[in-house]
Amino acid sequence: MKAAFDLFFFGVYPYVALAIFFLGSLVRFEREQYTWKSDSSQLLRHGSLNWGSNLFHIGIISLFFTHLVGLLTPPAVYHALGISTAFKQLLAIVVGAILGLICLAGLVLLIHRRWTDARLAHNSTVGDWVSLLWILLVLLAGLASLFTSVHHTDGALMVLLGDWAQAIVTLRPATAVAAMQTVPGIYRLHMVLGMTLFVIFPFTRLVHVWSGFASVSYLTRAWQLVRPR
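Residues numbered from 1 in each chain as written. Predicted model: local features only at pLDDT ≥ 70, side-chain atom pairs only at ≥ 80, totals over all residues. Heavy atoms only, no water.

### Some remarks on helix α2 (residues 49-72)
For α2, with 24 residues, the first-to-last C-alpha span of 34 Å sits near the 34 Å given by 1.5 Å per residue. Along α2, the residues classified as buried are Leu49, Gly52, Phe56, Gly59 and Leu63. Turning to α2, the residues buried within the fold contact α4 (85-116) and α6 (126-149). (Helix = DSSP H or I, 4+ residues; strand = E, 2+ residues; numbered from the N terminus. Expected span 1.5 Å × (residues − 1). Buried < 20%, exposed > 50% of the residue type's maximum accessible area, 1.4 Å probe, protein only. Contact = heavy atoms within 4.5 Å.)

Dropping the structure here:
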């Protein structure tokens, strides 16, 4: 039973999640561009939006890129920079805790704001609640995993997680599954919840993340020439 679970969730499911993430986003952009937006609720109630939104976005964007770099950087690379595996593990714990708490503070403010305001609650869709609460679950599981991390300060556990991610990217699912054999359950839960977030991504307001990345193109856009009559 465990072997089948590992094979599906850590050898097959990552590719299913990524396929839905990319293809689902493409189909939605192609067929439902009028729904491609974040549906800002600022006009309904300003309140704690600034603090909640800023803390949440700073936290979650930073967590995404630190996870991406941390998991996909081979040990040989950071060893060449003079960073030991144990120090990288300590850095991951400290930075992960700080960014996770920042993100959690912002997310709690956003959920509380949406839950307690009658107009916001009435205008919230199922997708809004699913995305907010699912991110909360992913975040709580990630923060809970830090308590396990402090008992694995040699960094061996982080190497296994990196091996899994790098094997997935290089299309070696059997190697990825093998790397997960001794990984504690809280990490497994965090990873499955995280991968499922990619599955629900194309069907919620989360698609506006793509527009955020696309806005970088404005930096290289040609100047607009405005001439008086």
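Here the narrative resumes, following the displayed structure.
### Here's the deal with empty space enclosed by the protein
With the rule as written, the count across this model stands at one cavity of 30 Å³ or more. Where the lining of the largest cavity is concerned, the elements lending two or more residues are α2, α3 (75-80), α4 and α7 (156-169). Per element, the largest residue contribution to the lining of the largest cavity is five residues, and it comes from α7. For the lining of the largest cavity, the class distribution of residues is five nonpolar, seven polar and two charged. (1 Å grid on protein atoms, 1.4 Å probe; cavity = no way out; pocket = protein on both sides within 12 Å on 5 of 7 lines; lining within 4 Å. Points joined across faces, edges and corners; volume = space filled by probe spheres on them. Nonpolar A, V, L, I, M, F, W, Y, C, P; charged D, E, K, R; others polar.)

### Examining unusual backbone geometry
Look at Leu171: it is not a glycine, yet its phi comes out positive at around 60°. Structurally, Leu171 can be placed in the loop between α7 and α8 (173-179).

### Here we look at a nonpolar patch on the surface
Together, Ile61, Phe64, Phe65, Leu68, Val69, Leu72 and Val169 make up an exposed nonpolar region whose accessible area comes to about 610 Å². No other element matches the six residues that α2 contributes to the nonpolar patch. You can see Ile61 is positioned in helix α2. (Patch = residues over 30% accessible without salt bridge, like charges linked within 9 Å, V, L, I, M, F, W, Y side chains within 5 Å. Areas by Shrake-Rupley, 256 points an atom, 1.4 Å probe, with all protein chains shown as cover. Salt bridge = Lys/Arg side-chain N within 4 Å of Asp/Glu carboxyl O.)

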